[in-house]
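Each chain is listed here by its residues.
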Amino acid sequence: MSRYAEVLLPLALHGTLTYRVPEALAESVCLGGRVTVQVGKKKLYAGIVTGLSDTSPSAVGDTLKDILDAEPSGPIVTQAQLDFWHWMAGYYMCTPGEVMKAALPAALKHTTEATPKRRTARDPLTFTSKSAPTPRRPLSEAQQQAADGIKKAWAEKDVCLLHGVTSSGKTEIYISLISDVLAQGGQVLYLLPEIALTTQITDRLGSVFGQQMGVYHSRFTDTRRAALYRKQISDTPYTLVLGVRSALFLPFHNLRLVIVDEEHETSYKQQDPAPRYHARDAAIMLARSSGAKVLLGTATPCLETYQHALSGKYGLVELKERFGGVSLPEIVVEDVKELRRKKLMKTPLSPRLIDEVREALARSEQVILFQNRRGYSPVLSCRSCGWTPQCTACDVSLTYHRQADRLVCHYCGASHPVPKQCPQCGDTELRDIGYGTERIEETVHTLFPTARIARMDLDTTRAASAYTDILNAFGRGDTDILIGTQMVTKGLDFDRVSVVGILNADQSLSVPDFRAAERTFHMLSQVAGRAGRRGRRGLVVLQTMSPTLPLIAQVVKGDYAAFFGTQMAERRRFAYPPEVRIINIHIKHRDDRLAEEAARTLAAMLRPHFADGLLGPYKPAVGRVQRLFIRRLTLKVSAALSVNGVRRTLHAAHDRLVGQPAFRSVQIYFDADPL
Ligand SMILES: [Zn+2]
Ligand SMILES: [Zn+2]
């Protein structure tokens, strides 16, 4: 009698494909096991067996292909993982195959897995502590109270929010809670946003947990990630995994605690490709199915999280003082409009900021300057006719990068030479307007010629170790002034930073997005929190064109509650999350007219079901990226409503649309809870 296997493939297929299990492989083929199969005429794929049966699923049983090979060492994916993949595919409206593609290290998706090379000391799998497994630091009274509060909250609730001001020592609280779980034989997953996973946190946790801790990072080689994956499925897995969002997909035997550090970070959301998941929300789901507890930690909770905490859905523990009696920084606001009117803004740094930097340098203290735009100047413009260079593939203007002397598109990465003259009117004088980090660096060099200056942005951190190198140099005191984009806001702890300059606090407010104010609040509060670490109260100079905005006052006072109140009132008024759920529908095509027509047709199909809840079609702020024209529909669904029915309606409309020959080549995808 033949056996049949359902095989999940890393492809955007709706379901699984059925294969026959040949007699020779009967022993090796198992649920969750890895098999090699042929798809179509030629292509070989590695797939995962998700079902086995003795009966052929259809009358065509005899014409089914055989499984070609099977890994004999047992399952590489657990049933719990498969359940998680299916949940994710359902919630985020993609296929389980697309989730599988994101979940497994590339080596495990290949039909032949490269044998791991012998690991060298430079590529260790385990963190090896320099000063072997270091004692935990005793918690302060406030920290101990917070830890006790969290445990108390967990007695009744699965999720607890730790809302602690910057530098309150949240890491030490995590360490204490992790130790408890490990002592009871449980496993812990500690999630960090990609960029924050630096040596700083790895060193601290590694010094306590040493050999028990594995690190999972997308900058690691695939071989290394595959090796860690295999260790986690073995009988001797790491009990603590420190990782970025994709660490959610690792196998766990006895997951007891998931920590989501810096839970407000937008990089927890995967934008592209599918699955477009939010790691925090997915972590809560994963923990629930494993019976594990969740701790969300941040100084600036996202509105959704804080609302759940206030409503009692999550526990809430607040930590309002910094560790070691350090005070929160003083924030002074500089009115750039007024300074410009008085002709006092001779550089992007206000006179007050220049003075403060000079004094800090004289005291041998460090300075961070924050400008959330990379490149030299955001816009190059013709003096005579105002022409500005645009990307040929995207609907955005190009940014001038002086060092490379190129015009770069920040959406698709394409770079172009700088034109010698204006193609519109022939004028040879093209001016640069505004400033990015590269131009700030140049200015700061001129202002402080003897200072040691470093710049941290996407352009200076492309090499694998560059990010860490810049931070380590700053940490050692080899750099006096660090200039950077939002990379410098990511929970870094430095002892000698006494002055932080925010050069343009308003920039991120002008983005046409209902979350713009929330993002700005997070970013400004986080960057301000880098000032004044141990021993000395820090100073933040916040330069803004709109000093009277309530948001600026809320940042200055560190008044999260007031900020939350204002924002929630707006979200309610205009029906935005957390008041409603949003699902965005993206429609893309190389032909603008066809994209528009497809979007209109889809909207017409959906409107009878959702009436006023459906917005669009509209062109997003950037209407063309990488040669594809974009249209969008936005669906707002009451947060109280089950979204299962909604999803079914959307999938059905999608299938009907792409079933029409005219729209076959149109790309359509959904983004649930977009950021
Ligand atoms: Zn011109
Ligand atoms: Zn582009």
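Residues numbered from 1 in each chain as written. Chains lettered and ligands numbered in written order. Predicted model: local features only at pLDDT ≥ 70, side-chain atom pairs only at ≥ 80, totals over all residues. Heavy atoms only, no water.

Asker: I would appreciate a short explanation of the overall build of the protein in the present structure.
Answerer: On a plain count of helices and strands, the protein comes out with 18 helices and 28 strands. Taking 26 Å as the expected radius of gyration for a compact globule of 675 residues, we find that the protein reaches 27 Å, a close match to that expectation. Across its three principal axes, the protein shows a C-alpha extent of roughly 90 × 65 × 50 Å. Put simply, the protein shows about 30200 Å² of open surface, and 51% of that area lies on carbon and sulfur atoms. Here the protein contributes 86 positive and 68 negative side-chain charges, whose respective centroids are spaced 3 Å apart. (Helix = DSSP H or I, 4+ residues; strand = E, 2+ residues; numbered from the N terminus. Rg over C-alpha atoms; globule rule 2.2 N^0.38 Å. Areas by Shrake-Rupley, 256 points an atom, 1.4 Å probe, with all protein chains shown as cover. Lys, Arg positive; Asp, Glu negative; His and termini not counted. Charge placed at Lys NZ, Arg CZ, Asp CG, Glu CD.)

Asker: Even after reading the chapter, I still don't get the nonpolar core, so can you show me in this structure?
Answerer: The tendency in soluble globular proteins is for nonpolar side chains to be buried side by side. Ranked by internal contacts, the top residues of the largest apolar core, which has 110 residues, are Trp85, Leu248, Leu602 and Leu650. Ranked by residue count, the leading element in this core is helix H17 (residues 592-610), at eight residues. Ignoring anything within four residues of it in the chain, the contact list for Leu602 reads Ile585, Ile587, Leu633, Ala653, His654, Leu657 and Ile668. Residues Ala147, Leu192, Leu205 and Val215 belong to the second largest nonpolar core, which totals 33 residues. (Core = buried A, V, L, I, M, F, W, Y, C linked by side-chain atoms within 4.5 Å. Buried < 20%, exposed > 50% of the residue type's maximum accessible area, 1.4 Å probe, protein only. Contact = heavy atoms within 4.5 Å.)

Asker: Even after reading the chapter, I still don't get the coordination of the zinc ion (ligand 2), so can you show me in this structure?
Answerer: Coordination angles at a metal have ideal targets, namely 109.5 degrees for four tetrahedral donors and 90 or 180 degrees for six octahedral donors. The coordination sphere of the zinc ion (ligand 2) contains the protein donors Cys391 (SG), Cys394 (SG), Cys409 (SG) and Cys412 (SG), at a distance range of 2.2 to 2.4 Å. When the donors of the zinc ion (ligand 2) are listed by position in the chain, the intervening gaps give C-x2-C-x14-C-x2-C. Note that Cys391 is positioned in the loop between strand S15 (379-382) and strand S16 (399-401) and Cys412 in the loop between strand S17 (406-408) and strand S18 (415-417), a separation of 21 residues in sequence. Overall, the relative accessible area of 23% leaves Cys412 in the partly exposed class. (Donors = N, O, S within 2.8 Å, 3.2 Å for Na, K, Ca; no water.)

Asker: Explain the side chain of Asp671 here, please?
Answerer: Tracing the backbone through its elements, the reader meets Asp671 in strand S28 (residues 667-672). Classification of Asp671 as buried rests on a relative accessible area of 5%. A polar contact of 2.8 Å, which involves the side chain of Asp671, links it to the side chain of Lys269. Residues within four places of Asp671 in sequence aside, it is in contact with Lys269, Gln271, Arg276, Ile582, Ile583, Asn584 and His586. (Polar contact = N/O pair within 3.5 Å; in protein donor to acceptor, adjacent residues only side chain to side chain.)

Asker: Where do I start with the pattern of salt bridges in this structure?
Answerer: Pairing between side chains of opposite charge can happen when the charged atoms of each approach one another. According to the stated counting rule, one finds 37 salt bridges in the structure shown. The salt bridge involving Glu263 is made with Arg280; its shortest N-O contact spans 2.9 Å. Of this pair, Glu263 sits in the loop between strand S10 (255-261) and helix H8 (279-290) while Arg280 sits in helix H8, and the two are 17 residues apart along the sequence. Pair check on accessibility: Glu263 and Arg280 agree, each one buried. Three or more residues joined by partner-sharing salt bridges are found here, namely Asp592, Glu596, Arg600 and Arg631. (Salt bridge = Lys/Arg side-chain N within 4 Å of Asp/Glu carboxyl O.)

Asker: Even after reading the chapter, I still don't get the coordination of the zinc ion (ligand 1), so can you show me in this structure?
Answerer: Protein-derived coordination of the zinc ion (ligand 1) comes from Cys382 (SG), Cys385 (SG), Cys422 (SG) and Cys425 (SG), at a distance range of 2.3 to 2.4 Å. Sequence spacing among the residues donating to the zinc ion (ligand 1) works out to C-x2-C-x36-C-x2-C. Remark: Cys422 occurs in the loop between S18 and strand S19 (430-433) and Cys385 occurs in the loop between S15 and S16; sequence separation between them is 37 residues. When its relative accessible area of 33% is taken as the criterion, Cys385 is described as partly exposed. Classification of Cys422 as buried rests on a relative accessible area of 1%.

Asker: Looking at this structure, I do not really get helix H4 (residues 141-156). What am I missing?
Answerer: Counting along an α-helix, one turn takes 3.6 residues, and residues three or four places apart therefore face a common direction. With 16 residues, H4 extends 24 Å between its outermost C-alpha atoms, agreeing within 8% with the 22 Å of an ideal straight helix rising 1.5 Å per residue. Restricting attention to buried positions, one finds in H4 the residues Ala142, Gln143, Ala146, Ala147, Ile150, Ala153 and Trp154. Each buried residue of H4 sits inside an arc of 140° when the element is viewed along its axis, so together they form one side. Counted as exposed and oriented over 90 degrees from the buried face of H4: Glu141, Gln145, Lys152, Ala155 and Glu156. Of the surrounding elements, those touching the buried residues of H4 are strand S6 (159-164), helix H5 (170-183), S10, strand S11 (293-298) and strand S12 (315-319). (Expected span 1.5 Å × (residues − 1). Arc of directions from axis to C-beta.)

Asker: Got a minute to help me understand the packing of H5 against helix H6 (residues 199-209) in this structure?
Answerer: When two helices pack together, you describe them by how their axes are tilted relative to each other and by the distance separating the axes. Here H5 crosses H6 at 35°, and the two axes come no closer than 11 Å. Here H5 runs over H6; the crossing is right-handed. In contact with Thr171, Glu172, Ile175, Ile178, Ser179 and Leu182 of H5, H6 contributes Ile201, Arg204, Leu205, Val208 and Phe209. Grouping the amino acids of the contact of H5 with H6 by side-chain chemistry returns seven nonpolar, two polar and two charged. (Axes fitted to C-alpha atoms, helices over the stretch in contact; angles between N-to-C directions. Left-handed = near helix turned anticlockwise from the far one by under 90°. Nonpolar A, V, L, I, M, F, W, Y, C, P; charged D, E, K, R; others polar.)

Asker: In this structure, what is going on with the sheet that holds strand S23 (residues 539-544)? I would like to understand it.
Answerer: Within a sheet, adjacent strands bond to each other through the backbone by hydrogen bonds, running parallel or antiparallel. Taken together, six strands build an open sheet; the order of strands is S13-S23-S22-S14-S21-S20 and the sheet is parallel. The open sheet terminates on both sides in strands that have one partner only, identified here as strand S13 (330-335) and strand S20 (453-456). Going from strand to strand, the sheet's axes swing by 15° on average, the running direction of each strand aside. Both S20 and strand S21 (residues 481-484) contribute to a ladder of four bridges, which runs parallel. Across the sheet, Ile453 pairs through a bridge with Ile481, a residue of S21. (Pairing = 2+ DSSP bridges.)

Asker: What's the story with the sheet that holds S18 in this structure? I'm lost.
Answerer: A sheet is described by the order of its strands in space; here three strands give the open sequence S16-S17-S18, paired in antiparallel fashion. If you trace the sheet from one side to the other, it starts and ends with S16 and S18, each paired once. Strand-to-strand twist of the sheet, defined as the mean angle between neighbouring strand axes without regard to direction, takes the value 35°.

Asker: What is the right way to read the domain arrangement of the protein from this model?
Answerer: Note on interface size: it is often stated as the accessible area lost on association of the parts. Split into domains, the protein comes out as domain 1 (3-109), domain 2 (141-324), domain 3 (327-376 + 435-569) and domain 4 (580-672). Domain 3 and domain 4 are separated by 39 Å when their C-alpha centres are compared. (Domains from an automatic or database assignment.)

Asker: Just checking my understanding: could you explain the pairing of strand S1 (residues 3-8) for this structure?
Answerer: Along a regular strand, successive side chains alternate from one face of the sheet to the other. Across five bridges, the pairing between S1 and strand S2 (residues 17-21) is antiparallel. Bridge assignment links Arg3 to a residue of S2, and that residue is Val21. By the bridge criterion, five bridges tie S1 to strand S4 (residues 43-53) in an arrangement that is antiparallel. Bridge assignment links Tyr4 to a residue of S4, and that residue is Ser53.

Asker: What am I meant to see in the packing of aromatic side chains here?
Answerer: Scanning all chains against the criterion turns up 16 aromatic pairs. Arranged with centres 5.5 Å apart and planes meeting at 90°, the rings of Tyr174 and Tyr190 form a pair that is edge-to-face. Note that Tyr174 is positioned in helix H5 and Tyr190 in strand S7 (residues 187-191), a separation of 16 residues in sequence. With respect to burial, Tyr174 and Tyr190 carry one shared label: buried. Consider the rings of Tyr306 and Phe564, whose centres lie 5.0 Å apart with planes at 70°: the pair is edge-to-face. With Tyr306 in helix H9 (residues 303-311) and Phe564 in helix H16 (residues 560-573), this pair connects stretches of sequence that are 258 residues apart. Each member of the pair Tyr306 and Phe564 is classed as buried. Joined through ring pairs, the aromatic side chains of Phe84, Trp87, Tyr91, Tyr92, Phe249 and Tyr277 make up one cluster. Lying over the aromatic face of Tyr238, Lys231 brings its terminal NZ or CZ to 4.8 Å of the ring centre. One cation-aromatic arrangement involves Lys636 over Tyr576; the distance from NZ or CZ to the ring centre is 4.1 Å. (Phe/Tyr/Trp six-rings, centres within 6.5 Å; stacked < 30°, edge-to-face > 60°. Lys NZ or Arg CZ within 6 Å of the ring centre and 35° of its normal.)

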